[in-house]
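Residues per chain, in single letters:
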Amino acid sequence: MSATAPMSATAPTSDLAAATKTDFPLLARDVYGKPIVYLDSAATSQKPQAVLDAMDAYYRTVNANVHRGAYHIADLATQAMEEARAKLQRFIGAASPREVIFCRNATEAVNLVAHSWGRTNLAAGDAVLLTHMEHHANIVPWHMLASERGVELRWLPLDDDGRLDLRHLDQLLDGARLVAFSAMSNVLGTIPPIRRIADAAHERGALVLLDGAQYVPHMPTDVAELGCDFLAFSGHKMCGPTGIGVLWGREELLEAMPPFMGGGEMILNVTTEGFLPNELPWKFEAGTPAIAEVVGLGAAVDYLDGIGMEAVRRHDVSLTAYALRTLTERHGETLTIHGPPEPAARGGVLSFEFGEVHAHDISQVLDTHAVCVRAGHHCAKPLMRRLGAVATARASVYIYNDRSDIDHLAEALDRVGDLFGPQ
Amino acid sequence: MAGLEDLYREIVLDHYRNPRNRGELPCPPAQRAEGFNPLCGDEVVVYADVADGVVRDVRFGGQGCSISQSTASMMSVAVKGRSLEEVEKLERSFKSMMSIVTDGGETASPADLGDLEALRGVVKFPVRIKCATLCWNTLTETLRS
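Residues numbered from 1 in each chain as written. Chains lettered and ligands numbered in written order. Predicted model: local features only at pLDDT ≥ 70, side-chain atom pairs only at ≥ 80, totals over all residues. Heavy atoms only, no water.

Regarding the overall build of chain A
Of the regular secondary structure elements, chain A holds 14 helices and 17 strands. When each of the 423 residues of chain A is scored for burial, the buried share is 58%. Put simply, 72% of the contacts in chain A that link residues at least 6 apart link residues at least 24 apart. Accessible surface, chain A: about 16300 Å² in total, of which carbon and sulfur atoms supply 52%. In chain A, the 35 positive side-chain charges and the 52 negative ones have mean positions that sit 2 Å from each other. (Helix = DSSP H or I, 4+ residues; strand = E, 2+ residues; numbered from the N terminus. Buried < 20%, exposed > 50% of the residue type's maximum accessible area, 1.4 Å probe, protein only. Contact = heavy atoms within 4.5 Å. Areas by Shrake-Rupley, 256 points an atom, 1.4 Å probe, with all protein chains shown as cover. Lys, Arg positive; Asp, Glu negative; His and termini not counted. Charge placed at Lys NZ, Arg CZ, Asp CG, Glu CD.)

Rendered as C-alpha cells:
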C-alpha cells in the first residue's frame with residue numbers, strides 16, 4: 001500500500017497530547033528506565049486522574065447498593081449511577097436513558113442482542129450478515145446462534161485496501177434479518193459507510209447492530225445519524241474503567257425483547273409461579289451492577305466532552321497521517337501497513353507487517369525500547385486469513401499520543417531490522 | 001530487564017532462518033496433529049512416523065514467531081531416532097527448563113537437550129513460554145494418535 005497522506009492541511013498533533021498527557025498518571029511511569037510509549041489504546045486506553053478520582057470518591061463517600069436502600073447514601077449511589085447513564089445518553093445522542101443498558105463490555109452487549117433478540121426473532125433460514133473485518137466478539141455469538149437455530153451467516157467481503165466491498169450488498173441482504181458490523185475495524189481502522197449500509201438494510205427489513213468498540217471512543221457519535229438499531233461499546237477503550245460497557249438499543253426493540261439474564265434488579269415481581277420483568281433499562285441489568293465502574297465511565301464521558309469529540313477525531317486523523325507518512329518514509333520497503341491509505345477513511349489503528357519478522361518478535365524488540373504495541377491476530381482470525389497474515393503488529397493512538405511516540409516507534413523498528421534483517 | 005540476547009541466541013536465530021525437518025510426511029504411516037496458540041494465532045503441524053516404539057522420522061509445518069519455529073526445528077532434531085520413552089524424558093526436561101511442572105515431575109537424570117539448551121533464556125520472558133512449548137504439546141498429541 002502506498003501511504004502518502006498530505007500533511008499540509010493538518011494542525012500540529014502535539015497540541016492535544018501536550019494538554020492531556022499529564023492527566024494520565026500511568027504515562028508518567030517509565031519502562032526499563034525509558035519513558036513509556038503507549039501505542040495500544042485500541043486494546044485499552046489509559047485512564048485520566050479524573051476517572052480514578054471519581055471511582056475513589058464513590059467508594060470513599062457514597063458506596064451503597066443501588067435501587068434498594070431507603071437511606072441517604074443508597075440514594076446517592078443510585079443518583080450517581082443514573083446521572084452517569086444520562087451522560088452516556090447525551091454522549092451518543094440516545095432518545096432516552098431507558099435505551100442505555102449497562103453491561104460488562106461490547107462483547108456482552110453483542111451477546112445480549114444475540115441471546116435476547118436473536119433467540120426471539122431468528123429461525124432456521126433467516127440470515128445474519130457480518131463482514132470479514134469483524135472482531136470475534138461480533139462473530140462467535142452469531143456462530144453460537146447459527147449452530148443452535150440453523151441461522152445462516154453471510155459475510156460482506158473486503159477489497160485489497162481493507163474497505164468493505166458493497167457491490168453485492170443487496171443480494172447479501174436478501175433474506176437477512178440483521179446486519180452486524182464494526183463501525184471502525186480494530187485491525188484496519190476502516191470506517192465503513194455506516195449510514196449507507198444501515199439504510200440498505202432497513203429497506204430490506206433488516207435491523208442493524210453496530211460494534212462501536214473502536215468507533216465510540218474516537219468519533220462524535222449520534223445513534224440517530226448513524227441510523228443503527230443497536231450500538232455496542234466498552235468503557236475501557238474510552239478512558240473509563242474495565243468491566244463496564246453499554247448496549248444502546250431503540251426503545252421499542254428493547255421493550256419487545258425478553259430479559260437476558262435473570263436475577264435481582266431486573267424484576268418487578270417474583271412469585272413461586274414466575275416473574276414479571278422490570279422496566280427498561282433495568283430489565284437487562286440483573287444483579288448488582290458495576291456501580292463504581294459506571295461512575296468512572298460517567299467521569300470518562302465528562303473528560304472526553306471537555307476535550308470535544310470533534311477535537312479527538314481531528315487529533316486521530318492528523319496523527320494517523322503523520323504515522324503513515326513517517327513509517328512509510330523510513331521503512332517503506334520492509335513495511336506493509338494494512339487498511340485504507342487515506343487517514344480520513346480510518347481510525348488511528350495501524351496494523352503492520354515488517355518484512356518476514358513475526359509480529360511477536362517485533363513486539364518483543366519494541367518492548368525493550370518501552371514501545372507498547374499489540375502483536376497477534378487481534379481477535380479477528382477471519383480477517384487475518386483474508387490479509388494472508390498469521391499475525392500483525394498493531395500500533396494505535398489516542399488523545400495522549402503525539403508525534404514523538406510515532407518517532408520512537410519508527411526508530412525502534414530499526415532495531416527489529418538489525419536483529420532479524422537479512423544476515 | 002532480561003536482555004534480548006537472552007532470548008534471541010544465535011543458535012535460536014539459526015534454527016529460525018534455516019529450519020531443520022520442515023515439511024510433511026505421508027499419513028499414514030505417519031501421524032499428524034495441529035496445535036494453536038490462541039494468543040498470537042500461531043499454528044504448528046507436527047508429523048511423526050513411529051515404528052517399534054521409535055520415532056523414525058519427524059517433520060513440522062505451520063507459521064509462527066522465531067521462538068515457536070526454532071523450537072520446533074530443534075525439537076525435531078532432538079527427537080528423531082529416539083524411543084518414545086526418551087522423547088518423553090526430553091519433553092519433561094525441556095518443560096522443566098521452562099519452569100513447567102509436568103505430571104511425571106522432575107526426572108532424576110535430565111535428558112541432554114542439545115541445541116534446545118539455547119532456549120533457556122525464554123523462561124525470563126513468561127509470555128514466550130507458550131511459543132516454546134506449543135510444538136512439544138503438539139508432538140505429544142501426534143504421538144498419542
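What about the overall build of chain B?
Within chain B one finds five helices and three strands. Put simply, chain B runs from its N terminus to its C terminus through helices and strands in the order α-α-β-β-β-α-α-α. Taking 2.2 N^0.38 as the reference for a compact globule, 145 residues should give roughly 15 Å; the C-alpha atoms of chain B span a radius of gyration of 14 Å, in line with that estimate. With the principal axes as the frame, chain B shows a C-alpha extent of 45 × 35 × 25 Å. Relative to its full complement of 145 residues, chain B shows a buried share of 51%. A separation threshold of at least 6 residues defines the contact pool for chain B, and within that pool the share at least 24 residues apart is 62%. (Rg over C-alpha atoms; globule rule 2.2 N^0.38 Å.)

Some thoughts on the sheet that holds strand 4 (residues 100-103) of chain A
Residue and element names in this part refer to chain A. Taken in spatial order, the seven strands of this open sheet run 4-10-9-8-7-5-6, and their pairing is mixed. The sheet is open, and its two borders are formed by strand 4 and strand 6 (152-156), each paired with just one other strand. On average, each strand axis in the sheet is tilted by 20 degrees relative to the strand beside it, whichever way the strands run. Pairing of strand 9 (residues 230-234) with strand 10 (residues 245-249) involves five bridges; the strand directions are antiparallel. Residue F233 lies in a different strand from strand 10, and its bridge partner there is V246. In the packing of helix 5 (residues 140-149) onto the sheet, contacts are made with strand 5 (127-131), strand 6, strand 7 (176-182) and strand 8 (207-211), and the angle to strand 6 comes to roughly 145 degrees. (Pairing = 2+ DSSP bridges. Axes fitted to C-alpha atoms, helices over the stretch in contact; angles between N-to-C directions.)

Details of the interface of chain A and chain B
Residue-level contacts link 18 residues of chain A with 22 residues of chain B. Of all residues in chain A, H360, Q364 and V390 of chain A give up the largest surface area on contact with chain B, accounting jointly for 32% of the area buried on that side. Put simply, chain A and chain B have two salt bridges between them. Taking the shortest distance from any N to any O, the salt bridge between K381 of chain A and E43 of chain B comes out at 3.8 Å. Our count for the contact surface shared by chain A and chain B stands at six residue pairs in polar contact (both at pLDDT 80 or more). (Buried area = accessible area lost by both parts, 1.4 Å probe. Salt bridge = Lys/Arg side-chain N within 4 Å of Asp/Glu carboxyl O. Polar contact = N/O pair within 3.5 Å; in protein donor to acceptor, adjacent residues only side chain to side chain.)

Looking at the domain arrangement of chain A
Residues and elements named next belong to chain A. Taken domain by domain, chain A consists of domain 1 (14-49 + 308-416) and domain 2 (51-306). Inter-centroid distance (C-alpha atoms) of domain 1 to domain 2 is 27 Å. If you look at the interface, domain 1 gives 43 residues, while domain 2 gives 40 residues. At the boundary of domain 1 with domain 2, total buried surface from both sides reaches about 3300 Å², with 55% on carbon and sulfur atoms. There are two salt bridges connecting domain 1 and domain 2. One salt bridge connects R163 with E342, and the closest N-O pair in it is separated by 2.7 Å. Among the elements of the structure, helix 11 (309-331), strand 14 (349-354) and helix 13 (381-387) are those that each provide at least two residues to the side of domain 1 that touches domain 2. In terms of residue count, helix 13 provides more of the side of domain 1 that touches domain 2 than any other element does, six residues in total. Split into classes, the residues belonging to the side of domain 1 that touches domain 2 amount to 20 nonpolar, 13 polar and 10 charged. (Domains from an automatic or database assignment. Nonpolar A, V, L, I, M, F, W, Y, C, P; charged D, E, K, R; others polar.)

Regarding the pairing of strand 14 of chain A
Residues and elements named next belong to chain A. Judged by how many residues are buried, strand 14 sits mostly within the fold: five of six residues are covered. Taken together, the three bridges between strand 13 (residues 335-337) and strand 14 define a ladder with antiparallel strand orientation. Bridge pairing links I337 to F352 in strand 14. Of the strand pairs in this sheet, strand 14 and strand 17 (residues 392-396) are connected by four bridges, and their pairing is antiparallel. Paired with S351 across the two strands is R394, which belongs to strand 17.

Describing helix 5 (residues 129-144) of chain B
Taking 1.5 Å per residue as the helical rise, helix 5 of chain B with its 16 residues ought to reach 22 Å, and the 23 Å between its terminal C-alpha atoms agrees with that figure. Along helix 5 of chain B, the residues classified as buried are I129, C131, A132, T133, L134, C135, W136, T138, L139 and T142 of chain B. Buried-residue contacts for helix 5 of chain B involve helix 12 (359-367) of chain A together with strand 1 (31-37), strand 2 (42-51), helix 3 (66-79) and helix 4 (84-97) of chain B. (Expected span 1.5 Å × (residues − 1).)

Some remarks on unusual backbone geometry
The omega torsion of the bond from L280 of chain A to P281 of chain A falls at -5 degrees, within 30 degrees of zero and hence cis. Along the chain, P281 of chain A turns up in the loop between strand 12 (275-277) and helix 10 (291-307). Along the chain, P28 of chain B connects to P29 of chain B via a cis peptide bond; the corresponding omega equals 15 degrees. Mapping P29 of chain B onto the fold places it in the loop between helix 2 (10-17) and strand 1.

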